[in-house]
Every structure is written in C-alpha cells, then in structure tokens.
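Letter by letter, the chains look like this.
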Amino acid sequence: MANIGEVFGAASAIVKGMGVTMKEMMSPTVTENYPDEPPKLQERYRGVHVLQRDENGLEKCVACFLCAAACPANCIYIEAAENTETVRISGGERYAKVYNIDYNRCIFCGYCVEACPTDAITHGHGFEVASYNTSTLIKRKEDMLAPVPPGVRPPVIQETAEASGH
Ligand code: SF4
Ligand code: SF4
C-alpha cells in the first residue's frame, strides 16, 4: 500500500499538470489555420525562388552561371543569350534565355542566393509545390520571374508597343 507521501506527491503532480493545461487554455492560440488562412512565415523562410528585376523592370540575372556552379544538387539549368541594341532583357551584357530549377532535387540550401553577384535570385515564400507529377517540379524562368514594377515598362516591351503603334 502506498504511503501518504506518495499519495500527496501524485496529487501535487496532477494539480501542477492541470495548472499548465489551464494556463495554455487561457493563452491565445498559436495554431496556424492553414489552408483556411495563409501561414505566417518568417522573413528568412526559404521557399520557391524568385528571379528579381531592377527598378527599370530589367531582369537582374546576367547569366553568369555562378549560382549553377554553387548548387550542390546540380539542379539549376541556364542558357545564356546576348542583349542587343534592339532587345534588352537584363542590365548586363547577357541574360538568361532559359533558367530552370529542378525542385525534385533542390534542397533549399540557399547557396545559389549567396553566390549571385547581382542579387538576381532570392528565396520567396512559396511552398505549395508538392506534386505526384515530378515534371511539374521543374520551374521555368517564367514561373519564377518577379512582376514588372508598377508604372515601369522595360525597354523591350516599349519597343514592342511602339512597333505595334501603341
Ligand atoms: S537552394 Fe541550394 S539546392 Fe536549391 S537551387 Fe539553390 S543552391 Fe541548388
Ligand atoms: S541568378 Fe545570379 S548567379 Fe545565377 S546566373 Fe543569374 S546573375 Fe548569375
């Protein structure tokens, strides 16, 4: 038969445990209501990459391949092309005609972001990329490119508009 000390010890542990439960019941909830509400992600969260534009709407990527060289998973594929007098896509001599990231292999390590000399590639907060079809996990430049800033028309778009008489 348990002695009186053990009974009091067990009762005190129950009271202490219930105290923690009551305290948590009174505190505000910290549960994320995803997918009914967007989750609150930290600024440093590493999600799907974003290819940034400069203040003139030009692509920041100059196709230097440093991100691809730094990638330990070898999942960045780039094809470079030259800007010309009539068609300018980036602020440098070259731009990425093709820029793919294979998210079947990406481990979100951030090495590509650290390696980029023009801050062209950054981590966004996109995370809803799970898929049963692995081919959808290869994201193209068009999927990752930041939108043109409001009120800015990149030169290549202006030329197209001028050529069409608008
Ligand atoms: S986050 Fe890491 S694994 Fe993913 S593309 Fe960048 S360097 Fe490669
Ligand atoms: S994203 Fe940055 S590091 Fe990668 S090719 Fe473009 S400019 Fe170079």
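Residues numbered from 1 in each chain as written. Chains lettered and ligands numbered in written order. Predicted model: local features only at pLDDT ≥ 70, side-chain atom pairs only at ≥ 80, totals over all residues. Heavy atoms only, no water.

Draft legend 1. Representation of the nonpolar core within the structure. Among the nonpolar cores identified, the biggest contains 22 residues, and Ile76, Ile78, Tyr99, Ile101, Tyr103 and Ile121 are the most heavily contacted of them. At the level of elements, β1 (48-51), α2 (66-70), β2 (76-82) and β3 (94-102) are the ones that each hand at least two residues to this core. Among the elements that line this core, the one with the most residues is β3, at three residues. (Core = buried A, V, L, I, M, F, W, Y, C linked by side-chain atoms within 4.5 Å. Buried < 20%, exposed > 50% of the residue type's maximum accessible area, 1.4 Å probe, protein only. Helix = DSSP H or I, 4+ residues; strand = E, 2+ residues; numbered from the N terminus.)

Draft legend 2. Expanded view of the sheet that holds β3. Strand order in this open sheet of three strands is β2-β3-β5, and the pairing throughout is antiparallel. Where the open sheet ends on each side, the last strands, each with one partner, are β2 and β5 (138-139). Bridge count for β3 against β5 is two bridges, and the pairing is antiparallel. The partner of Ile101 across the bridge, within β5, is Lys139. (Pairing = 2+ DSSP bridges.)

Draft legend 3. Quick look at helix α1 (residues 4-26). For α1, built from 23 residues, the straight-helix expectation of 33 Å at 1.5 Å per residue is met to within 8% by its first-to-last C-alpha distance of 33 Å. Regarding α1, its N-cap is Asn3, as a side-chain oxygen of that residue lies 3.1 Å from the backbone nitrogen of Gly5 further along. (Expected span 1.5 Å × (residues − 1). Polar contact = N/O pair within 3.5 Å; in protein donor to acceptor, adjacent residues only side chain to side chain.)

Draft legend 4. Examining the packing of aromatic side chains more closely. Counted according to the given criterion, the structure contains two aromatic pairs. Arranged with centres 5.4 Å apart and planes meeting at 55°, the rings of Tyr34 and Phe127 form a pair that is tilted. In this pair, Tyr34 is assigned in the loop between α1 and β1 and Phe127 in the loop between β4 (121-126) and β5, connecting sequence segments 93 residues apart. (Phe/Tyr/Trp six-rings, centres within 6.5 Å; stacked < 30°, edge-to-face > 60°.)

Draft legend 5. Spatial organisation of unusual backbone geometry. Of note, the amide linkage connecting Tyr34 to Pro35 takes the cis form, showing an omega dihedral of 10°. Positionally, Pro35 belongs in the loop between α1 and β1. The residue Phe108 is not glycine, and still its phi comes out positive at about 55°. Within the secondary structure, Phe108 sits in the loop between β3 and α3 (111-115). Residue Phe108 is classed as partly exposed on the basis of its relative accessible area, which comes to 25%.

Draft legend 6. Broad picture of the side chain of Asp102. Structurally, Asp102 can be placed in strand β3. Buried charge without a partner: Asp102 forms no salt bridge, and the closest opposite charge is Arg105, 4.8 Å away. Among residues more than four places away in sequence, those in contact with Asp102 are Cys75, Leu137 and Ile138. (Lys, Arg positive; Asp, Glu negative; His and termini not counted. Salt bridge = Lys/Arg side-chain N within 4 Å of Asp/Glu carboxyl O. Contact = heavy atoms within 4.5 Å.)

Draft legend 7. Representation of the environment of Ala80 within the structure. Its place among the elements puts Ala80 in strand β2. Judged by its relative accessible area of 32%, Ala80 is partly exposed. Along the sequence, Ala80 and Ala96 sit 16 residues apart, while their C-alpha atoms lie 4.7 Å from each other. Not counting residues within four places of it along the chain, the set of residues in contact with Ala80 comprises Ala63, Phe65, Arg94, Tyr95 and Lys97.

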